[in-house]
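Listed below, chain by chain, are the residues.
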Amino acid sequence: MKPKRSLSTVSNLHQVYQRWRGVPYRFGGVGEDGIDCSAFTRTMYQEVFGMELPRSTYEQVHLGREIGRDELQPGDLVFFRIGNGTQHNGVYVGDGKFAHASSSVGVTISRLDNVYWRSRYWQARRLLDDI
């Protein structure tokens, strides 16, 4: 059975984000000395929902079901194609924003409509049941 979203999902996502905010990006990193995007997504899911995700973006993109961008709810995963076969992901936190480990600034929150992310948006996946 999949975990359900609670009314405190947004608050919990932001609390976890605040603990990780500013941690530098490190490819293959999984801890506070450096973390990559899929490890950060995995950590958020573990800490907020108690749910174990696979380690890589390539595995995470096959979880749950694909949803439209207009259906996004806090806790959904968002995926991007960066180029050269590289994928990136994060966790939607509401209000058109997602939390992720950025290679340029570390763990941060970005807007989906930012020109960089908008042009690279690929898909969103829902892993959790609706409220």
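Use the structure listed above.
The rules behind each value
Residues numbered from 1 in each chain as written. Predicted model: local features only at pLDDT ≥ 70, side-chain atom pairs only at ≥ 80, totals over all residues. Heavy atoms only, no water. Core = buried A, V, L, I, M, F, W, Y, C linked by side-chain atoms within 4.5 Å. Buried < 20%, exposed > 50% of the residue type's maximum accessible area, 1.4 Å probe, protein only. Helix = DSSP H or I, 4+ residues; strand = E, 2+ residues; numbered from the N terminus. Contact = heavy atoms within 4.5 Å. Pairing = 2+ DSSP bridges.

(A) Representation of the nonpolar core. Ile 35, Phe 40, Met 44, Tyr 45 and Val 107 are the most contacted members of the largest nonpolar core, which has 24 residues in total. Secondary-structure elements contributing two or more residues to this core are α1 (9-20), α2 (37-49), β4 (77-83), β5 (86-94) and β6 (97-102). By residue number, the principal contributor to this core is α2, which donates six residues. Not counting chain neighbours up to four residues away, the residues in contact with Ile 35 comprise Trp 20, Val 23, Pro 24, Tyr 25, Arg 26, Gly 29, Val 30, Phe 40, Thr 43, Ala 101 and Val 107. Judged by nonpolar contacts, the second largest core, of 10 residues, contains Ile 67, Leu 112, Trp 117 and Ala 124.

(B) Just the pairing of β6, in detail. In terms of burial, β6 is largely enclosed, as five of its six residues are buried. Sheet topology note: the β5/β6 ladder contains three bridges and is antiparallel. Along β6, the bridge assignment pairs Tyr 92 with Phe 98. Two elements, β6 and strand β7 (residues 106-111), share six bridges in a ladder whose sense is antiparallel. The partner of Ala 101 across the bridge, within β7, is Val 107. Linking two consecutive strands that pair antiparallel, namely β6 and β7, is a turn of three residues.

All we've got here are geometric facts, nothing functional implied.
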